[in-house]
Amino acid sequence: GLQSGLDVGCGEHSLLSGLRREGFRSTGIDANEGMLESARKNGIHDEFILGEFMTHRFRRCFEVVVMSHVIEHFTREEGFRALARAEELASRLVYVETPRGFREQPALYGNPFQKHLSGWRPADFEARGYTVFGSGVRGMRGTAGRARWLPEALTRGVERSLQWLVFRRPNLADSICALRLKDEEAPGGGNVRA
């Protein structure tokens, strides 16, 4: 099974938490001290790094690198460089989650890293060998993912009931999930170990 994971811009929650069992160690990196401290208090990772993903010197690779709602906080040019860095650091899998298209968001909670600087489409990831899935229904959520028109519980119910529709049609979705598996046998997809 998987043994190590890196959560980029980990914030207060992590998709890697579900993998944390005996033998799996997760590391969270965040440039915002408050978010990292909250993650530490909640014990969502085994190791915590306060720093910038693009400039931090990692001592090792990770089997899984997760960038959940992070890439839209970079400019497109920086975002493509961040993707390349995640791909270099991951020996088995890269997972990216982001709103589909540009979604306006200011610096929230006094955190300048929360501002959205770019928008992403399924084709941006498919061109790099990712499989892309859809999540949520476009237009139902606004700033910071808050329910826009209906109460949160109803919004969640509508999204769940239509998930079958958007999962394989990411161009209809609110958010996109891009997954790239690295296969040692595939040309150009070999394991990259430092």
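In this text the structure is predicted, and so the values were computed from the model without any measurement. (Residues numbered from 1 in each chain as written. Predicted model: local features only at pLDDT ≥ 70, side-chain atom pairs only at ≥ 80, totals over all residues. Heavy atoms only, no water.)

Q: What should I look at first to understand helix α4 (residues 152–166) in this one?
A: The periodicity of an α-helix, 3.6 residues per turn, causes residues three or four places apart in sequence to face the same way. Where α4 bends most, the angle comes to about 35°, and this point is R160. Listed in full, the buried residues belonging to α4 are T155, E159 and V166. Among the structural elements, β6 (131–137) and β7 (173–181) are those in contact with the buried residues of α4. (Bend = angle between axes of the 7 residues up to and from the residue. Helix = DSSP H or I, 4+ residues; strand = E, 2+ residues; numbered from the N terminus. Buried < 20%, exposed > 50% of the residue type's maximum accessible area, 1.4 Å probe, protein only. Contact = heavy atoms within 4.5 Å.)

Q: Mind showing me how you'd approach the sheet that holds strand β4 (residues 62–68) here?
A: In a beta sheet, neighbouring strands are held together by backbone hydrogen bonds and run either parallel or antiparallel to one another. An order of β3-β2-β1-β4-β5-β7-β6 is seen for the seven strands of this open sheet, with the pairing classed as mixed. This sheet does not close on itself; its edge strands, each paired only once, are β3 (47–50) and β6. When strand polarity is set aside, the average angle formed by the axes of neighbouring strands in this sheet is 15°. As judged from the four bridges shared by strand β2 (residues 25–30) and β3, these two strands associate in the parallel manner. If you follow D30 over to β3, its bridge partner there is L50. The strands touched by helix α2 (residues 76–89) are β1 (4–8), β4, β5 (90–99) and β7; relative to β5, the strand with the most contacts, the crossing angle is about 150°. Packing of α4 onto the sheet brings it into contact with β6 and β7, and relative to β6 it is tilted by some 150°. (Pairing = 2+ DSSP bridges. Axes fitted to C-alpha atoms, helices over the stretch in contact; angles between N-to-C directions.)

Q: What is the right way to read unusual backbone geometry from this model?
A: Of all residues except glycine, most have a negative phi; of all peptide bonds, most are trans. One non-glycine residue, H69, lies in positive phi territory at about 55°. The exposure class assigned to H69 is partly exposed, which follows from its relative accessible area of 30%.

Q: Explain the packing of aromatic side chains here, please?
A: Geometrically, a pair of aromatic rings is defined through the distance of the ring centres and the angle of the planes. One pass over the full model with this rule turns up six aromatic pairs. Aromatic rings pair up to connect F80, W120, F125 and Y130 into one cluster. Geometry around W120 places R76 over its ring, the cationic atom sitting 4.5 Å from the centre. The ring centre of F53 lies 5.5 Å from the NZ or CZ of R85, which sits over that ring. (Phe/Tyr/Trp six-rings, centres within 6.5 Å; stacked < 30°, edge-to-face > 60°. Lys NZ or Arg CZ within 6 Å of the ring centre and 35° of its normal.)

Q: Would you explain the nonpolar core in this entry?
A: Looking at soluble globular proteins, one finds that nonpolar side chains tend to be buried together. Membership of the largest hydrophobic core comes to 25 residues, with the highest contact counts inside it found for L6, F53, M67, V96 and F125. Put simply, the parts of the chain that give this core at least two residues each are β1, β4, α2, β5 and β7. The element that contributes the greatest number of residues to this core is α2, accounting for four residues. What V96 contacts, discounting residues up to four positions off in sequence, is M67, I71, L83, F125, Y130, I176, C177 and A178. In this structure, L16, F24, L93 and Y95 belong to the second largest nonpolar core, which totals seven residues. (Core = buried A, V, L, I, M, F, W, Y, C linked by side-chain atoms within 4.5 Å.)

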